[in-house]
Amino acid sequence: MIKKFLDLGQQPLANKYLTKKDLVKKKVEYYYNLEIGFNTSSKLVSILNTVPSRKMFDKEYPYRASMSQTMLNSFKDLSMNIIKTFNPNLIMEIGSNDGSFIKNFNKKKVICVEPCSNVAKITQKMGYKTFINFWNMKLAKKIKSKIKNVDLIYSANTLSHIKDLNSVFNSISHILSDNGVLIIEDPSLLECFKKISYDQFYNEHIYIFSLLSIKYLLKKHNLEVFNIKKITTHGGSLRYYIKKASNNKLKINKNVKTHLEHELNFGLDKYSTYIKFKNNVEKSRKKLMDIFSKLKKKNKTIIGYGATAKVNTVLNFCKIKNETLDYFLDTTPNKIGKFMPGSHLYIQKYNKSSTNKINYIFLGAWNFKKEIFKKEKKYIKRGGKFITHVPIPKII
Ligand code: DWN
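Rules used throughout
- Residues numbered from 1 in each chain as written.
- Predicted model: local features only at pLDDT ≥ 70, side-chain atom pairs only at ≥ 80, totals over all residues.
- Heavy atoms only, no water.
- Phe/Tyr/Trp six-rings, centres within 6.5 Å; stacked < 30°, edge-to-face > 60°.
- Helix = DSSP H or I, 4+ residues; strand = E, 2+ residues; numbered from the N terminus.
- Buried < 20%, exposed > 50% of the residue type's maximum accessible area, 1.4 Å probe, protein only.
- Lys NZ or Arg CZ within 6 Å of the ring centre and 35° of its normal.
- Near = heavy atom within 4 Å.
- Polar contact = N/O pair within 3.5 Å; in protein donor to acceptor, adjacent residues only side chain to side chain.
- Areas by Shrake-Rupley, 256 points an atom, 1.4 Å probe, with all protein chains shown as cover.
- Domains from an automatic or database assignment.
- Salt bridge = Lys/Arg side-chain N within 4 Å of Asp/Glu carboxyl O.
- Core = buried A, V, L, I, M, F, W, Y, C linked by side-chain atoms within 4.5 Å.
- Contact = heavy atoms within 4.5 Å.

In the structure shown here, the tally under the stated rule is 21 aromatic pairs. Taking 4.1 Å as the distance between ring centres and 10 degrees as the angle between the ring planes, the aromatic pair formed by Phe 193 and Phe 277 counts as stacked. With Phe 193 in helix α7 (residues 189–195) and Phe 277 in helix α10 (residues 271–297), the pair connects residues that are 84 residues apart, well separated along the chain. The pair formed by Phe 193 and Phe 277 is uniform in burial state, with each residue classed as buried. Their ring planes at 10 degrees and their centres at 6.0 Å tell us that Tyr 207 and Phe 209 sit as a pair that is stacked. Across the pair, Phe 209 and Tyr 207 agree in class, each one buried. An aromatic cluster is built from Phe 5, Phe 38, Phe 193, Phe 201, Tyr 274 and Phe 277, whose rings are joined through pairwise contacts. Over the aromatic face of Tyr 271 sits the side chain of Lys 3, whose NZ or CZ is 4.3 Å from the ring centroid. Geometry around Tyr 350 places Lys 375 over its ring, the cationic atom sitting 5.2 Å from the centre.

Quick look at the structure:
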């Protein structure tokens with residue numbers, strides 16, 4: 001049974017930034033009701049009103065993983081570790097985006113799968129075999145018919161974006177060699193609850209996984225987690241190392257049991273925990289709006305930093321528009337000069353002097369706080385303040 005625990009209201013599609021022409025023409029934006037539920041049997045947390053994939057992942061997808069040094073470093077470290085530990089002959093990445101991960105591997109050893117043609121063309125240009133397709137059994141069969149099995153499949157921040165998880169794992173099982181390894185990473189539900197980062201919920205994040213729910217899912221497909229690592233990317237994620245249940249060569253690391261205990265101790269298996277989270281989200285909204293309203297009463301100028309997909313959930317849930325924030329700064333070419341969905345806040349190109357005359361910055365990309373604070377040393381030194389809503393709204 002799926003029990004609803006949170007309603008974040010009417011939301012536009014998170015990555016659909018608008019052009020000036022869209023605004024002039026009063027383009028009607030696609031809205032959906034962002035409600036989130038907990039499946040009491042499978043322990044899976046999902047949004048209740050999904051949007052068709054083709055509406056979200058198209059030829060104009062703006063996100064580029066390479067915009068953050070933190071992500072590039074994380075992919076590089078993992079790649080070195082994969083080569084050292086598993087030394088695979090053939091790697092497939094599902095959701096290869098702009099090639100930030102696969103660029104660490106030999107072109108002959110990698111297959112990319114990416115449905116957004118604009119980003120897929122980047123890896124094609126780099127010389128990597130790229131299938132511009134959604135991941136499903138049809139594609140798995142096509143690839144298998146050409147190149148046998150794959151030794152290692154990697155997928156970061158992608159499987160949680162696909163509605164039919166049974167099809168996802170069936171097709172992975174079909175193509176993964178018997179001794180092969182599947183590595184997936186996605187935001188961690190435990191971290192999301194601890195940090196009250198309710199902005200992890202938006203149309204693209206159909207699921208926020210926990211080890212509890214992943215274990216349940218994999219069992220049906222004769223797959224199992226043999227190791228798990230907590231990583232700091234994207235606000236706290238989990239990297240799951242998965243094998244076929246029939247493969248006895250890879251032993252199950254004790255981290256798996258330990259992490260499961262953490263999730264159970266926190267109460268991720270109990271509906272009451274979800275209601276607590278919902279109450280925390282309400283408190284968070286109130287606190288953030290209080291901070292903004294106090295600053296605006298003093299006529300302070302506030303801008304946003306990092307026009308993330310996530311922050312749109314916050315802006316639209318808290319009804320933050322240009323009475324509060326003047327504009328957002330961002331480095332992504334496909335976002336610059338456009339307007340945020342719903343709130344219609346302008347996205348200005350970031351440059352080194354962008355923050356020179358600013359006193360308050362709302363951290364849209366709070367997940368890159370460390371990287372941004374390092375970049376904005378001068379701003380901080382001269383007394384510039386950041387506002388964050390994670391884990392509790394405050395001025396830093
Ligand atoms: O799962 C998803 C993740 C991986 O990426 C997708 N559904 C969509 C996207 O989510 P997001 O937009 O919330 O991701 P990020 O990586 O938190 O976005 C960071 C944004 O901040 C980018 O637009 C780039 C920008 N940025 C910046 O302007 N200056 C980032 C850094 C680090 C900076 O210094």
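Another point: helix α4 (residues 117–126). Residues of α4 that are buried include every one of Ser 117, Asn 118, Val 119, Ala 120 and Thr 123, and no others. With its phi angle positive at about 100 degrees, Gly 127 sits one or two positions after the end of α4.

Before going further, it helps to spend a moment on the site of the ligand. With respect to spatial proximity, 26 residues lie near the ligand, and among them Glu 204, Lys 310, Asp 330, Lys 335 and Lys 375 are the closest. At 2.7 Å, a side-chain N or O of Lys 310 approaches an oxygen atom of the ligand. In this structure, an oxygen atom belonging to the ligand sits 3.0 Å away from a main-chain N or O atom of Thr 331. In isolation the ligand offers 700 Å² of accessible surface; the protein chains occlude 98% of this area. Of all the secondary-structure elements, those providing two or more residues to the shell around the ligand are α11 (309–317) and α12 (369–375). Of all the elements, α12 adds the most residues to the shell around the ligand, at 3 residues. In terms of domain composition, the shell around the ligand takes at least three residues from each of domain 1 (7–38 + 291–395) and domain 2 (40–271).

Below, the discussion takes up the pattern of salt bridges. Side-chain pairing between opposite charges can occur once the charged atoms of the two side chains come close. Inspection of the entire model under this criterion finds 12 salt bridges. Close ionic contact of Glu 191 with Lys 195 constitutes a salt bridge, the shortest N to O distance being 2.8 Å. Pair noted here: Glu 191 and Lys 195 are both in helix α7, with a separation of 4 residues, about one helical turn. Between Lys 243 and Glu 224 there is a salt bridge whose closest N-O contact spans 2.5 Å. Placement of Lys 243 in strand β11 (residues 237–244) and of Glu 224 in strand β10 (residues 223–231) is noted, with a sequence separation of 19 residues between them. Exposure remark for Glu 224: the relative accessible area of 26% places this residue in the partly exposed category.

For the rest of this paragraph, the subject is the nonpolar core. If you look at the biggest cluster of nonpolar residues, it comprises 91 residues, and the most contacted ones within it are Trp 135, Phe 169 and Phe 362. Of all the elements, α10 adds the most residues to this core, at 7 residues. Both domains that meet at this core, namely domain 1 (7–38 + 291–395) and domain 2 (40–271), each give it at least three residues. With residues near it in sequence (within four places) discarded, Phe 169 still touches Leu 159, Leu 182, Ile 184, Leu 217, Leu 218, His 221 and Leu 223. Residues Ala 65, Phe 75, Leu 78 and Tyr 241 belong to the second largest nonpolar core, which totals 35 residues.

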